[in-house]
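Fold and contact review
Each chain is listed here by its residues.
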2 protein chains.
Amino acid sequence: MNPVDHPQNAIGCLAICGVGLIGGSIARAARSRGVASEVIGIGKNKGRLQKAVEQGVIDRGFTDPEGAAAQADLIVICTPVDLIASQVACMLPHMRETATITDAGSVKGEIVRELSAQQIEASRYVPGHPLAGSDKTGFEYADPDLFEKAAIVLTPTAETADAHTQRVRTFWQALGGNVLTMPPEEHDAVLAMTSHLPHLVAAALAAAVQEDQLSLASSGFRDSTRIAGGDPELWTSIFRQNAKATLAAARQFQDKLSQFISAIEQSDDAELKALLAEGKCRRDAWREQRLRQESQ
Amino acid sequence: MNPVDHPQNAIGCLAICGVGLIGGSIARAARSRGVASEVIGIGKNKGRLQKAVEQGVIDRGFTDPEGAAAQADLIVICTPVDLIASQVACMLPHMRETATITDAGSVKGEIVRELSAQQIEASRYVPGHPLAGSDKTGFEYADPDLFEKAAIVLTPTAETADAHTQRVRTFWQALGGNVLTMPPEEHDAVLAMTSHLPHLVAAALAAAVQEDQLSLASSGFRDSTRIAGGDPELWTSIFRQNAKATLAAARQFQDKLSQFISAIEQSDDAELKALLAEGKCRRDAWREQRLRQESQ
């Protein structure tokens, strides 16, 4: 496909700040779908950017955010969440009048609060979060179809201009995503439960097992701890940025787990079976929801 | 392959008691590898047994355990773990002098204790546990390669005759498994941590999420809760049979999770990162161990 096929999606220059797994996948998805006429990458490491160019992930690499910002029509910040607010603040003054900036951070409220605390005029910033990823890192694993049928959450504020929200929505839809919008705080509360808590639990589960027990760990352990393989640095900043909601979710999980444990302690099989059925019911409901989406 | 190809593995009549996912997979594995000259299935439901015959899972179906036991050279009990001891006790008196009986139960200590409490002469019973499975149920999902490179734990007691242990070892090796032996109590303690606890945690994690949050649950939730889709009835009996070790494992997990939670509460990023790194390190170690095994 080329831009002419769907001019409504055609943005000129797409800038990806942080060309890792997510940034690289956005770049590849945009190129393979002809959504942008040019894709440029912004990063600290010249060598890595050069490699991304050689591998066809991006067209050109920049190490100065301001210079890249001046050329872009749409900027997507794909760096660790704790850097996003300052990068948005740094790029906004250098962007074209008509340009839009968004991000792919897993936490939204803290970014919005930081920008307003700094009194940044952020009408062109559309907070976003594509619910797609991997425990792998680096653009070498970039997948142009990573966002096919993935939920993409946009959390515009009162300040965000509708035209920019609409542009980002159209962009993600062109990449195959299902776009929905909600307030930043609601996003953070739900993701704390569906993403941040599972990571915390998977990491604690893996850490609780002794090295010499691993040879008797099978498919159950494999799946329930897969996300524990993620980058500790990245996740530390996610938990810091969404501490309050994550702690609330963790307390709900601890209460639920305590119910399972006391049912076992009290040999209350009826109660234990009911609790296991509750978990299965919720898991099956998620699965059916997914199958419906995929068949659409 | 036919038995002549590897007579060392050839057992005459293999009886599978409980033709579900595991029993059906053992049957298919034995047939496809020519390990047994005949595979018979034992179950309560005539219609299901007939369907298993039609689908080529077993050669013949029996609803009377005694009648089937009298014809078998090797019997594998694949029913829910709380039924295994009584089935072993019921079949032993009807078995041929030379026949062997084993099982596929996820908990071993309680079965051994029940048999010795009933003063059953159990020298021909070899307690076993193939570490392979699925959250699916029924022989429709039976997989002849389910045990390829899977760990198979045998927990013979002082009473178990070596010749029978050796026979069961050879049988599982012919099905592609890596056989190891350990005391029943050691098996139960390790599996509590690597299998039973992960199921408990996955179920609690799935149960803690609200229905209306599922649309924002992605690949992390998918994997960390997959096993919560398992049968509540089956798992209730596993937890009952291995209650003590599961509770001990659960307490270790709760302590570890509390360390993660207080690191977040205290905004101790260094500590949180170290804990996440510990989880990643253990998960990566498991993965490397698996890759080594698979490359062998």
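Scoring rules and cut-offs
- Residues numbered from 1 in each chain as written.
- Chains lettered and ligands numbered in written order.
- Predicted model: local features only at pLDDT ≥ 70, side-chain atom pairs only at ≥ 80, totals over all residues.
- Heavy atoms only, no water.
- Helix = DSSP H or I, 4+ residues; strand = E, 2+ residues; numbered from the N terminus.
- Rg over C-alpha atoms; globule rule 2.2 N^0.38 Å.
- Buried < 20%, exposed > 50% of the residue type's maximum accessible area, 1.4 Å probe, protein only.
- Contact = heavy atoms within 4.5 Å.
- Areas by Shrake-Rupley, 256 points an atom, 1.4 Å probe, with all protein chains shown as cover.
- Phe/Tyr/Trp six-rings, centres within 6.5 Å; stacked < 30°, edge-to-face > 60°.
- Polar contact = N/O pair within 3.5 Å; in protein donor to acceptor, adjacent residues only side chain to side chain.
- Salt bridge = Lys/Arg side-chain N within 4 Å of Asp/Glu carboxyl O.
- Domains from an automatic or database assignment.
- Buried area = accessible area lost by both parts, 1.4 Å probe.
- Pairing = 2+ DSSP bridges.
- Axes fitted to C-alpha atoms, helices over the stretch in contact; angles between N-to-C directions.
- Expected span 1.5 Å × (residues − 1).
- Right-handed = clockwise from strand over helix to strand, strands pointing away.
- Least-squares fit on C-alpha atoms with pLDDT ≥ 70 in both.

What follows deals with the overall build of chain A. Of the regular secondary structure elements, chain A holds 11 helices and nine strands. Its C-alpha atoms give chain A a radius of gyration of 21 Å, within 12% of the compact-globule value 19 Å for 296 residues. When burial is assessed residue by residue, chain A has 58% of its 296 residues classed as buried. If you take every contact in chain A between residues at least 6 apart in sequence, the share linking residues at least 24 apart comes to 73%. When the accessible surface of chain A is totalled, it reaches about 11600 Å², and 49% of it is carbon and sulfur.

What follows covers the packing of aromatic side chains. Residue and element names in this part refer to chain A. Applying the stated criterion across every chain yields a total of nine aromatic pairs over all chains. Ring geometry for Trp-235 against Phe-239: centres 5.7 Å apart, planes inclined by 45°, an arrangement best described as tilted. With Trp-235 and Phe-239 both in helix 9 (residues 232–241) and four residues apart, this pair spans about one turn of that helix. Site record: aromatic cluster; members linked through ring pairs are Phe-147, Phe-171 and Trp-172.

Bringing the side chain of A:Thr160 into the picture now. Residue and element names in this part refer to chain A. Note that Thr-160 resides in the loop between strand 8 (151–154) and helix 6 (162–174). In terms of polar contacts, Thr-160 uses its side chain to reach the backbone amide nitrogen of Thr-157, at 2.8 Å. Sequence-distant contacts of Thr-160, defined by excluding residues within four places in its chain, comprise Ser-123, Tyr-125, Val-126, Pro-127 and Thr-165.

All names here are of chain B. Applying the stated criterion across every chain yields a total of 36 salt bridges over all chains. The closest approach of N and O atoms between Arg-33 and Asp-145, which form a salt bridge, is 3.0 Å. Taken together, the positions of Arg-33 in the loop between helix 1 (21–32) and strand 2 (36–42) and Asp-145 in the loop between strand 7 (128–130) and strand 8 (151–154) put the pair 112 residues apart, joining distant regions of the chain. Look at Arg-33 and you get buried, because its relative accessible area is 8%. The class of Asp-145 is partly exposed, set by a relative accessible area of 44%. A salt bridge links Arg-222 to Asp-223; its shortest N-O distance comes to 2.7 Å. Given the relative accessible area of 35%, Arg-222 is considered partly exposed.

Residues and elements named next belong to chain A. Segmentation of chain A into domains returns domain 1 (8–182) and domain 2 (187–265). A separation of 28 Å is found between the C-alpha centroids of domain 1 and domain 2. In this complex, domain 1 contributes 16 residues to the contact, which on the side of domain 2 involves 13 residues. Taken together, both faces of the contact between domain 1 and domain 2 bury some 1200 Å²; the carbon and sulfur share is 62%.

Time to look at the sheet that holds strand 2 of chain B. Residues and elements named next belong to chain B. Pairing within the open sheet is parallel, and its six strands lie in the order 3-2-1-4-5-6. Because the sheet does not close on itself, it has two edges, and the strands there are strand 3 (60–62) and strand 6 (125–126). Here four bridges tie strand 1 (residues 11–17) to strand 4 (residues 74–77), and the two strands are oriented parallel to one another. The residue bridging Leu-14 from the neighbouring strand is Leu-74, located in strand 4.

Further remarks concern the sheet that holds strand 5 (residues 100–103) of chain A. Residues and elements named next belong to chain A. Judged by pairing direction, the sheet is parallel, and its six strands sit side by side in the order 3-2-1-4-5-6 without closing on themselves. Of all the strands in the sheet, the pair left with one neighbour each is strand 3 (60–62) and strand 6 (125–126). Pairing geometry for strand 5 and strand 6, over two bridges, is parallel. Bridging from a neighbouring strand, Thr-102 pairs with Val-126 of strand 6. Against the sheet, helix 4 (residues 81–91) engages strand 1 (11–17), strand 2 (36–42), strand 4 (74–77), strand 5 and strand 6, with an angle of about 155° to strand 4.

With that settled, the discussion passes to helix 10 (residues 243–265) of chain B. Because the α-helix completes a turn every 3.6 residues, residues three or four places apart line up on one side. Taking 1.5 Å of rise per residue, the 23 residues of helix 10 of chain B would be expected to cover 33 Å, and the 32 Å separating its terminal C-alpha atoms lies within 8% of that figure. Following helix 10 of chain B by one or two positions, B:Ser267 has its phi on the positive side, about 50°.

Residue and element names in this part refer to chain A. Covered by surrounding structure in strand 5 are Thr-100 and Thr-102 together with Ile-101 and Asp-103, the residues of both alternating faces. Across four bridges, the pairing between strand 4 and strand 5 is parallel. In the sheet register, Leu-74 faces strand 5, and the bridge partner there is Thr-100. Chirality of the crossover, the property in question, places the unit of strand 4, helix 4 and strand 5 among those that are right-handed. For the segment spanning strand 5, helix 5 (residues 109–117) and strand 6, crossover handedness is right-handed.

Turning to the relation of the copies chain A and chain B, a few remarks are in order. Each copy superposes on the other: chain A lies on chain B with an RMSD of 0.0 Å after a rotation of 180° and an axial shift of 0.0 Å. Taken together, the rotation angle and the small translation identify this as a two-fold axis. For chain A, the minimum C-alpha distance to the rotation axis belongs to A:Ser224 and amounts to 1.9 Å. A high fraction, 100%, of the interface residues of chain A reappear at the interface in chain B, so the copies pair face to face through one surface.

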